[in-house]
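So the chains spell out like this:
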Amino acid sequence: MKEELLKKCENLDSPDIMSSCRVLLELAEKKKDEIPEEDQSYLEMAENLKPSDVSKVLELALKIRESGDIKDTELKNAASKLIRAIEMS
């Protein structure tokens with residue numbers, strides 16, 4: 001399933017998906033302490049987001065959704081919303 005989603009991201013330039021990516025990245029920046037092993041500025045990534053970055057954001061969303069360590073509902077919901085948007089594209 002992950003490979004199928006990543007493949008869908010290759011040529012994806014949807015305003016809805018880009019918006020969902022930005023929401024997730026902005027939330028990730030606020031909740032950075034809950035996301036293990038990530039050491040980048042999500043806000044900077046959100047501001048400079050390009051369609052080619054969607055696959056990176058998808059990987060982050062999958063990591064957040066599947067992580068048992070991340071308990072923040074808002075963050076998990078944003079990740080799930082992005083994943084669903086890509087699935088439906």
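Structure shown above.
Residues numbered from 1 in each chain as written. Predicted model: local features only at pLDDT ≥ 70, side-chain atom pairs only at ≥ 80, totals over all residues. Heavy atoms only, no water.

**Student:** How should I be thinking about the nonpolar core in this particular structure?
**Tutor:** Buried together is how nonpolar side chains tend to be arranged in soluble globular proteins. In terms of nonpolar packing, the biggest core is built from 29 residues, with Leu24 and Ile86 touching the most fellow members. At the level of secondary structure, the elements contributing two or more residues to this core comprise α1 (2–9), α2 (15–30), α3 (42–47), α4 (54–66) and α5 (73–88). Ignoring any residue separated from it by four or fewer positions in sequence, one finds Ile86 in contact with Leu5, Lys8, Cys9, Leu12, Ile17, Val54 and Leu58. (Core = buried A, V, L, I, M, F, W, Y, C linked by side-chain atoms within 4.5 Å. Buried < 20%, exposed > 50% of the residue type's maximum accessible area, 1.4 Å probe, protein only. Helix = DSSP H or I, 4+ residues; strand = E, 2+ residues; numbered from the N terminus. Contact = heavy atoms within 4.5 Å.)

**Student:** In this structure, what is going on with the environment of Leu60? I would like to understand it.
**Tutor:** Summarising the element assignment, Leu60 is placed in helix α4. Each C-alpha atom of the pair Leu60 and Lys31 lies 13 Å from the other, and the pair is 29 residues apart in sequence.

**Student:** I would appreciate a short explanation of α4 in the present structure.
**Tutor:** In an α-helix, one turn spans 3.6 residues, which is why side chains three or four residues apart end up on the same side. In this model, α4 (13 residues) spans 18 Å end to end at C-alpha, consistent with the 18 Å of a helix rising 1.5 Å per residue. Those residues of α4 that fall on the buried side of the exposure criterion are Val54, Val57, Leu58, Leu60, Ala61, Leu62 and Ile64. Next to the buried residues of α4 lie α1, α2, α3 and α5. (Expected span 1.5 Å × (residues − 1).)

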